[in-house]
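Given next are the chains, with one letter for each unit.
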Amino acid sequence: MSSMVMVQQLRARISIKNKIFALYLLALLLLALCPPLYLSVSGSSALLLGIPLPIVYWLAIAVFLGVGLWVMYLAECAFGEIPDDEEVA
């Protein structure tokens, strides 16, 4: 395969990766900012592992965001988008 075709395929995969990650972040944004979802949980006095449900809701969003960023970092490392330390200088 020519290098031009390989570069185009790599750009297409990176574009798809960015779109999937953008949709993931949009879903988390909707979870964080959509009032009906939070209001349905906020009046609850239920406990999950001793933590009130509204706090679990916000912690879950934070954990999902952290996991999403970690997966994005791994994907960028796999595609070679993040240079090694010695290449930065």
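Calculation rules
- Residues numbered from 1 in each chain as written.
- Predicted model: local features only at pLDDT ≥ 70, side-chain atom pairs only at ≥ 80, totals over all residues.
- Heavy atoms only, no water.
- Phe/Tyr/Trp six-rings, centres within 6.5 Å; stacked < 30°, edge-to-face > 60°.
- Buried < 20%, exposed > 50% of the residue type's maximum accessible area, 1.4 Å probe, protein only.
- Patch = residues over 30% accessible without salt bridge, like charges linked within 9 Å, V, L, I, M, F, W, Y side chains within 5 Å.
- Areas by Shrake-Rupley, 256 points an atom, 1.4 Å probe, with all protein chains shown as cover.
- Salt bridge = Lys/Arg side-chain N within 4 Å of Asp/Glu carboxyl O.
- Helix = DSSP H or I, 4+ residues; strand = E, 2+ residues; numbered from the N terminus.

Colleague: Give a description of the packing of aromatic side chains that names residues and reports values.
Modeller: Here the structure, examined in full by the defined rule, presents one aromatic pair. Geometrically, the ring pair formed by Tyr-57 and Trp-58 is edge-to-face, given 5.5 Å between the ring centres and 85° between the ring planes. By relative accessible area, which is 14% here, Tyr-57 ends up buried. Taking relative accessible area as the criterion, Trp-58 reaches 36% and is therefore assigned partly exposed.

Colleague: Please provide a residue-by-residue account of a nonpolar patch on the surface, values included.
Modeller: On the surface, a cluster of nonpolar side chains totalling about 590 Å² of accessible area is made up of Val-63, Val-67, Trp-70, Val-71, Tyr-73 and Leu-74. Within the secondary structure, Val-67 is located in helix H3 (residues 53-79). Under the relative-accessibility criterion, Val-67 is labelled partly exposed at 41%.

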